[in-house]
Amino acid sequence: MSFVNDLGFTDTNANGSANIDINDSSPFINNSGTMNNSGNINAPPNVPNYHHPIATIFHVLFKVAAILVYLFGNFIFGLGFIMTFILSILMISFDFWTTKNVTGRLLVGLRWWNQVMEDGTNVWYFETAPKTFRPHQMESLIFWMGLYINPLVWLVFFLSSLLSLNFNWLIITVIALALAFANIYGYYKCNSKDKNASHTNIARNYIGSTIVKKAASSFM
Amino acid sequence: MNPPSSLNTLDEPVYQTILRDIKTVGFKLYHVILPRGKAVAALRDWDLWGPLILCLVMAIMLSTSAQDKQKALAFAIVFVVIWCGSAIVTVNAQLLGGNLSFFQCVCVLGYCVFPLTIATIVIFAVGTIKPLHILIKLPIVAGCWFWSSFASYGFLASSVPDKRRILAVYPVLLFYLVIAWLVVVQ
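Residues numbered from 1 in each chain as written. Chains lettered and ligands numbered in written order. Predicted model: local features only at pLDDT ≥ 70, side-chain atom pairs only at ≥ 80, totals over all residues. Heavy atoms only, no water.

Some details on the overall build of chain B
Okay, step 1: Per the secondary structure count, chain B includes 8 helices and 0 strands.
Okay, step 2: Secondary structure elements of chain B occur, N-terminal to C-terminal, as α-α-α-α-α-α-α-α.
Okay, step 3: Buried residues in chain B amount to 51% of all 186 residues.
Okay, step 4: Taking contacts inside chain B between residues at least 6 apart in sequence as the whole, the part at least 24 apart equals 74%.
Okay, step 5: Only carbon and sulfur atoms are counted for the fraction: they give 73% of the accessible area of chain B, which is about 8,800 Å². (Helix = DSSP H or I, 4+ residues; strand = E, 2+ residues; numbered from the N terminus. Buried < 20%, exposed > 50% of the residue type's maximum accessible area, 1.4 Å probe, protein only. Contact = heavy atoms within 4.5 Å. Areas by Shrake-Rupley, 256 points an atom, 1.4 Å probe, with all protein chains shown as cover.)

A short note on unusual backbone geometry
With the exception of glycine, the majority of residues adopt a negative phi angle, and the majority of peptide bonds are in the trans configuration.
Residues and elements named next belong to chain A.
Okay, step 1: In the Ramachandran plot, Leu165 falls in the positive-phi region, its phi being about 50° despite a non-glycine side chain.
Okay, step 2: Structurally, Leu165 can be placed in the loop between helix H5 (137-163) and helix H6 (167-196).
Okay, step 3: On the basis of relative accessibility, which here comes to 74%, the residue Leu165 falls in the exposed class.

Structural notes on the UniProt feature "transmembrane region" (unreviewed entry) in chain B
All names here are of chain B.
Okay, step 1: UniProt marks residues 48-66, 73-95, 101-126, 138-156 and 168-185 with the feature "transmembrane region" (unreviewed entry), using the numbering shown here.
Okay, step 2: Along residues 101-126 one finds 88% helix and 0% strand; the C-alpha atoms at either end are 39 Å apart.
Okay, step 3: The span residues 168-185 shows a helical share of 94% and a strand share of 0%, and its end C-alpha atoms are spaced 27 Å apart. (UniProt positions renumbered as here; feature names shortened; annotations may be inferred.)

Some remarks on the nonpolar core
Okay, step 1: Among the nonpolar cores identified, the biggest contains 82 residues, and A:Trp154, B:Met58 and B:Tyr176 are the most heavily contacted of them.
Okay, step 2: Counting residues per element, this core draws most heavily on helix H4 (residues 80-108) of chain A, which supplies 13 residues.
Okay, step 3: Residues in contact with A:Trp154, not counting those within four places in the same chain, are A:Ala66, A:Ile67, A:Tyr70, A:Ile92, A:Ile172, A:Thr173, A:Ala176 and A:Leu177. (Core = buried A, V, L, I, M, F, W, Y, C linked by side-chain atoms within 4.5 Å.)

As for helix H7 (residues 134-156) of chain B
Okay, step 1: End to end, H7(B) covers 31 Å across 23 residues, agreeing with the expected 33 Å (1.5 Å per residue, within 8%).
Okay, step 2: The complete set of buried residues in H7(B) reads B:Lys137, B:Val141, B:Cys144, B:Ser148, B:Ser149, B:Ala151, B:Ser152, B:Phe155 and B:Leu156. (Expected span 1.5 Å × (residues − 1).)

Looking at a nonpolar patch on the surface
All names here are of chain A.
Okay, step 1: On the surface, Val60, Val64, Leu68, Leu71, Phe72, Phe75, Ile76, Phe77, Leu79 and Met83 cluster together into a nonpolar patch covering about 940 Å² of accessible area.
Okay, step 2: Per-element accounting of the nonpolar patch gives the leading share, 5 residues, to helix H3 (residues 53-72).
Okay, step 3: Tracing the backbone through its elements, the reader meets Val60 in helix H3.
Okay, step 4: On the accessibility criterion, Val60 (35% relative accessible area) is partly exposed. (Patch = residues over 30% accessible without salt bridge, like charges linked within 9 Å, V, L, I, M, F, W, Y side chains within 5 Å. Salt bridge = Lys/Arg side-chain N within 4 Å of Asp/Glu carboxyl O.)

A few points about the state of the cysteines
All names here are of chain B.
Okay, step 1: Counted under the stated rule, the structure contains 0 disulfides over all chains.
Okay, step 2: A disulfide-free cysteine, Cys107 has its sulfur positioned 8.8 Å from the sulfur of Cys112, the nearest such atom.
Okay, step 3: This cysteine, Cys144, is not joined by any disulfide, and Cys112 carries the nearest cysteine sulfur, 13 Å off.
Okay, step 4: By relative accessible area, which is 9% here, Cys144 ends up buried. (Disulfide = S-S within 2.5 Å.)

What about the side chain of B:Lys28?
Residues and elements named next belong to chain B.
Okay, step 1: Examined against the element boundaries, Lys28 turns out to sit in helix H1 (residues 11-33).
Okay, step 2: Overall, the relative accessible area of 1% leaves Lys28 in the buried class.
Okay, step 3: In contact with Lys28, other than residues within four places in its own chain, are Ala42, Leu43, Asp45, Trp46, Asp47 and Tyr111.

Remarks on the UniProt feature "transmembrane region" (unreviewed entry) in chain A
All names here are of chain A.
Okay, step 1: Here the UniProt feature "transmembrane region" (unreviewed entry) sits at residues 54-73, 79-97, 141-163 and 169-188.
Okay, step 2: Within residues 54-73, the helical portion is 95% and the strand portion 0%, while the C-alpha atoms at the span's ends are 26 Å from each other.
Okay, step 3: Helix makes up 95% of residues 79-97 and strand 0%. Its end C-alpha atoms lie 25 Å apart.

This is the structure we're talking about:
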């Protein structure tokens, strides 16, 4: 039996029970009738026929929320430094998690992650969806804009708190920049790999990693 | 922060992934409290959610008991000490030829702060009723310091070559000692 996993690769050696639901609801395969036509890459961007409206909203929402909390938390909402710090850090890490694990995969069909092998070596995976996945033009634009504009805003905050020697607020901006650049690096690698590497390579990479993962999970 | 390999549609599986992430965090905390053989495998799959939560909890507790003017500073110091400290200890272990990856090591050190976080919570909770004398705080924190160090030793010792083990473990002890000191003087 063969099943299509969530990146759209056919996974032949997986056991059925674990993968049936994956087959039914893969984001890269349009099963439902309403989504079949929206996969058209030539759809005019002014028609908001989004494939993943909720993912798109959250991709932007957490970034904007983090920036707003950082800017206005202390002085306008009167939360005080500690509360502003906690809320900003939480928003920044929620955004990092969402961008890394959800929106990249759904909006542009890219994913990066890391696996620690048994000997302690780190293996980084940069994956792209197969050619059958067509990102929605507007969603893809929003994804890349969000990814690149976000650190620019934080860079301004970083410089302003650095120049005013504001140690406490500097911490938040450093964390935001570090996480934002991690995502940029990851997706940049995915994207450049998309143009260079053949898809069979990525498929092999992915299937190999799934086997390792299953082996690793049997340890626990 | 492992990839949700079975994360497919947006609504329900995101909920499932979050649940699974919470469960993994709980699982790792359990292994820190009771460090045993399987623990190394448990922490191979690193994430930074646990360390972030532990660090925030500790920083909140310690800053609430600080003087009004120093609250923000206390909070920031706890945060920086935990993250920069674990990064430095990790770089040290790696330079000594340890075969733990960077993030895995930061994850282990962050999770092993858990006993000290418990000490902070206990002292804070009792302190709201009646402030504790330092002679009562000291043994509690010392015990939890030993516990943290012992747990992290279990994870880290096996990854560093035998001859250099003490060189790798000593900074870890110092790292937890600094945090323990922050807890005592809260």
